[in-house]
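# Tertiary structure, described
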Amino acid sequence: GAGVSQSPSNKVTEKGKDVELRCDPISGHTALYWYRQSLGQGLEFLIYFQGNSAPDKSGLPSDRFSAERTGGSVSTLTIQRTQQEDSAVYLCASSLDKAGTNYGYTFGSGTRLTVV
Amino acid sequence: RKEVEQDPGPFNVPEGATVAFNCTYSNSASQSFFWYRQDCRKEPKLLMSVYSSGNEDGRFTAQLNRASQYISLLIRDSKLSDSATYLCVVNTRNTGGFKTIFGAGTRLFVKA
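Structure report, in brief.

Analysis parameters
- Residues numbered from 1 in each chain as written.
- Chains lettered and ligands numbered in written order.
- Predicted model: local features only at pLDDT ≥ 70, side-chain atom pairs only at ≥ 80, totals over all residues.
- Heavy atoms only, no water.
- Phe/Tyr/Trp six-rings, centres within 6.5 Å; stacked < 30°, edge-to-face > 60°.
- Helix = DSSP H or I, 4+ residues; strand = E, 2+ residues; numbered from the N terminus.
- Buried < 20%, exposed > 50% of the residue type's maximum accessible area, 1.4 Å probe, protein only.
- Contact = heavy atoms within 4.5 Å.
- Pairing = 2+ DSSP bridges.
- Axes fitted to C-alpha atoms, helices over the stretch in contact; angles between N-to-C directions.
- Core = buried A, V, L, I, M, F, W, Y, C linked by side-chain atoms within 4.5 Å.

With the rule as written, the count across this model stands at 16 aromatic pairs over all chains. Here the aromatic rings of Tyr33 of chain A and Tyr105 of chain A are separated by 4.2 Å at their centres, their planes lie at 25 degrees, and the arrangement is stacked. Taken together, the residues span a long stretch of sequence, with Tyr33 of chain A in strand 4 (residues 31-37) and Tyr105 of chain A in the loop between strand 8 (88-95) and strand 9 (106-107) at a distance of 72 residues. Judged by centre distance (5.6 Å) and plane angle (55 degrees), the ring pair of Tyr36 of chain B and Phe102 of chain B falls under tilted. One end of the pair, Tyr36 of chain B, is in strand 4 (residues 30-38); the other, Phe102 of chain B, is in strand 10 (residues 97-102), with 66 residues separating them in the sequence. Across this residue pair, the class does not change: Tyr36 of chain B and Phe102 of chain B are buried. Here the aromatic cluster, defined as three or more aromatic residues joined through ring pairs, consists of Tyr33, Tyr35, Phe45, Tyr48, Tyr105 and Phe107 of chain A together with Phe34, Tyr36 and Phe102 of chain B.

Our focus in this paragraph is the environment of Ala17 of chain B. All names here are of chain B. Considering the arrangement of structural elements, one finds Ala17 in the loop between strand 2 (11-14) and strand 3 (19-25). On the accessibility criterion, Ala17 (18% relative accessible area) is buried. With 71 residues separating them in the primary sequence, Ala17 and Cys88 have C-alpha atoms 21 Å apart. Setting aside its immediate chain neighbours within four residues, Ala17 contacts Ile75, Arg76, Asp77 and Ser78.

Once that is clear, we can look at the sheet that holds strand 6 (residues 55-57) of chain B. Residues and elements named next belong to chain B. With respect to topology, five strands assemble into an open sheet ordered 1-3-8-7-6, the strand pairing being antiparallel. The outermost strands of the open sheet, each flanked by one partner alone, are strand 1 (4-6) and strand 6. The mean inter-strand angle of the sheet, taken between neighbouring strand axes irrespective of direction, is 15 degrees. Pairing analysis gives three bridges linking strand 6 to strand 7 (residues 60-65), with the strands arranged antiparallel. When the bridges of strand 7 are listed, Asp57 appears paired with Phe60.

Core analysis: the biggest nonpolar cluster contains 24 residues, and Phe21, Trp35, Ile71, Leu73, Ile75, Tyr86 and Leu108 of chain B have the highest contact counts within it. Where this core is concerned, the elements lending two or more residues are strand 3, strand 4, strand 5 (44-50), strand 7, strand 8 (70-75), strand 9 (84-94) and strand 11 (106-111) of chain B. Those residues within four positions of Ile71 of chain B in sequence are excluded, and the remaining contacts are Phe21, Asn22, Cys23, Phe33, Phe34, Trp35, Val50, Gln63, Leu64 and Cys88 of chain B. In terms of nonpolar packing, the next biggest core, distinct from the first, is built from 20 residues, Leu21, Leu77, Ile79 and Tyr90 of chain A among them.

Written as structure tokens, this is what we have:
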């Protein structure tokens, strides 16, 4: 597609439920990132996929968080047993090159997750 | 010390003013640098890359000072539409590949 597509755009879930967030990067972009941003705060790195390499999971806040990237394209971020502190905007970004070193990132419009 | 630091602001300036933001980074091995713009409740969007020789795009000028480890963004003739949060981004090569760090952002309000 023309840009990075994320779905759903908004998700309200009950505490303790699992949620899946989807990211469809720009075609041909080998690098994919997940960040989250709480209201009024900066971006918090979660996970980074680069081609077929093992992902950098160093930013995942707990073992309730996991992510996959199938076929080097679409990625799914899964949060199990959601907690209220998981409420945030989850942003996906993709890049043509490693870590956006030359071309920067293109972000999707995010998924606003609210845990009630 | 944070790896990437920005003055959170807010900077409140009148239309037509010139405003400058700095962003300092701690790792001297950092290799590439960018400025992003984020509007309220929107995703960040790439504003411009920062090149060693400095670069300009219309009213916006970005500079890199490797000796003092900071990058800057200068906005001339500010417009109301420039009101946003400006994020600096620093990429550093490490043993695992690359590490990208976003600054927390500087908020700019341009007033009529």
